[in-house]
Structures are given as C-alpha cells and as structure tokens.
Amino acid sequence: MIGPLATGLIVLSLVIALVSILTTMRNRAMGTVLLVALGILELGLLVQAGFVIAGMVRGEGPDETATLIGYLAGSLVIPPVAVFWGIGERSRWGPAVIAVAGFAIPGMIGRMLQIWQGAV
C-alpha cells in the first residue's frame, strides 16, 4: 500500500462526509459535487487496489491476505453503492447515506494499512 495515497483517500473521504452532513442539514438532495467527489474517491481506491494487488503478486504484504482482500473489496464497493442510494433517495437522507459511507472508508483504509504493515 502507498501511505500518502491512503492518507489522501482518508482526507477526501472525511471531506465528503462533512459536505454530506452539511447537505443533509440544509435539507438538500445529493448534488453534482458529491457525485464527482465520490467518483474521484473510487478512482483513488482503484489505484490503491492496483498497488496492493501488484505488491501481493511480487510477494510483499501481510500474512492475513484474506482479511486484506476483504477490506479492499469492501472499500471498492461502498462508494458506488452510496452513489446509487444517494441518487435514488432524493430527500435529505440521500446525502446522509453518503456521509455514512464517507466515515466508513477511512476506517477500512486505516485497517488495511495496519494489516499491510503487520500490526494485526
């Protein structure tokens, strides 16, 4: 895993969560800004996943590969699900779902970093 990329993804995810909370408090539906931000987050997660898979192919990485792959797959699924749910729910609760996703991603990335570094 690339530490600076992981840090950037965590920060972006927390910013998305904050904007989503503000959007929810303003009683607005999800807008283009959140949609684009989630797309950028997903792109960054795919890049990180590529580096993780490449590292594992080279023999790097942890002993807990199944756990790491589970967290990796989960983190890749959350943003698209949040987008579809946020678009489908046109009330204030669409952005609230995105806020939950925004808070889930940093935890998953942090756990992946711990597993990658061997601090299981």
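Small disclaimer: the values here were computed from a predicted structure and weren't measured.

Engineer: Just checking my understanding: could you explain the nonpolar core for this structure?
Structural biologist: The tendency in soluble globular proteins is for nonpolar side chains to be buried side by side. In this structure, Met1, Ile16, Leu41, Leu45, Ile98 and Ile109 are the most contacted members of the largest nonpolar core, which totals 25 residues. Those elements giving two or more residues to this core turn out to be α1 (3–25), α2 (32–57), α3 (65–88) and α4 (93–116). If one sorts the elements of this core by residue count, α4 sits on top with 8 residues. Setting aside residues no more than four positions away along its own chain, Leu41 makes contact with Leu9, Leu12, Ser13, Ile16, Pro79 and Ile105.

Engineer: How should I be thinking about α3 in this particular structure?
Structural biologist: Structurally, the α-helix is built with 3.6 residues per turn, so residues lying three or four positions apart point the same way. Relative to the 34 Å expected for 24 residues at 1.5 Å per residue, α3 spans 35 Å between its end C-alpha atoms, a close match to the ideal helical length. All buried positions along α3 are accounted for by Leu68, Leu72, Ser75, Leu76, Pro79, Ala82, Val83 and Gly86. On its buried face, α3 is in contact with α2 and α4.

Engineer: Just checking my understanding: could you explain the UniProt feature "transmembrane region" (unreviewed entry) in the chain for this structure?
Structural biologist: According to UniProt, the positions carrying the feature "transmembrane region" (unreviewed entry) are residues 6–25, 32–56, 68–87 and 94–116. Here residues 32–56 runs as 100% helix and 0% strand, with 36 Å between its end C-alpha atoms. Between the C-alpha atoms that bound residues 68–87 the distance is 30 Å, and the span itself is 100% helix and 0% strand.

Engineer: How should α2 be read in this particular structure?
Structural biologist: Its 26 residues give α2 an end-to-end C-alpha distance of 37 Å, which sits within 8% of 38 Å, the value for a rise of 1.5 Å per residue. By the burial criterion, the buried members of α2 are Leu34, Ala37, Leu38, Leu41, Glu42, Gly44, Leu45, Gln48, Ala49, Val52 and Gly55. Contact partners of the buried residues in α2: α1, α3 and α4. Positive backbone phi, at 95°, marks Gly59, one or two positions downstream of α2.

Engineer: What is the right way to look at the environment of Asn27 in this model?
Structural biologist: Within the fold, Asn27 resides in the loop between α1 and α2. With relative accessibility at 52%, the residue Asn27 sits in the exposed group. Once the C-alpha coordinates of Asn27 and Ser91 are considered, the two residues, 64 residues apart in sequence, prove to be 7.4 Å apart.

Engineer: Explain the packing of α3 against α4 here, please?
Structural biologist: Each pair of packed helices gets described by two things: the angle between the helix axes and the distance between those axes. For the pair α3 and α4, the least separation of the axes is 9 Å and the interaxial angle reads 165°. Relative to α4, α3 is oriented roughly antiparallel. Crossing hand, α3 versus α4: left-handed. Of the residues in α4, those touching α3 at Thr67, Leu68, Tyr71, Leu72, Gly74, Ser75, Ile78, Pro79, Ala82, Trp85 and Gly86 are Gly94, Val97, Ile98, Ala101, Ala104, Ile105, Met108, Arg111, Met112, Ile115 and Trp116. Looking at the contact of α3 with α4, its residues break down into 16 nonpolar, 5 polar and 1 charged.

The rules behind each value
- The residue numbers shown here count from 1 along each chain, following its written sequence.
- Reporting in this predicted model follows two pLDDT cut-offs: at least 70 for local features of residues, and 80 or more for side-chain atom pairs to be given and counted; totals over whole chains, interfaces and linings ignore these cut-offs and use all residues.
- Hydrogens are left out, water is left out, and the side-chain values use all remaining heavy atoms of the structure.
- What makes a nonpolar core is a set of buried Ala, Val, Leu, Ile, Met, Phe, Trp, Tyr and Cys residues whose side-chain atoms join them at distances within 4.5 Å.
- Burial classes follow relative accessibility: with a 1.4 Å probe on protein chains only, a residue under 20% of its type's maximum area counts as buried, one over 50% as exposed, and anything between as partly exposed.
- The numbering of helices and of strands both runs from the N terminus, where a helix is a DSSP run of H or I of at least 4 residues and a strand a run of E of at least 2.
- Any two residues whose heavy atoms approach within 4.5 Å are treated as being in contact.
- Take the number of residues in a helix, subtract one, and multiply by 1.5 Å to get its expected span.
- UniProt positions are given in the numbering used here, feature names are shortened, and annotations may be inferred rather than shown by experiment.
- To get an axis, fit a line to the C-alpha atoms, keeping to the stretch in contact for a helix; angles then go from 0 to 180 degrees between the N-to-C directions.
- Any angle between 65 and 115 degrees counts as roughly perpendicular, while under 35 counts as roughly parallel, over 145 as roughly antiparallel, and the rest as oblique.
- Each crossing is labelled by how the near helix is turned from the far one, with a counterclockwise turn of less than a right angle marking it left-handed and a clockwise turn marking it right-handed.
- Residues are sorted three ways: Asp, Glu, Lys and Arg are charged, Ala, Val, Leu, Ile, Met, Phe, Trp, Tyr, Cys and Pro are nonpolar, and all the rest, Gly among them, are polar.

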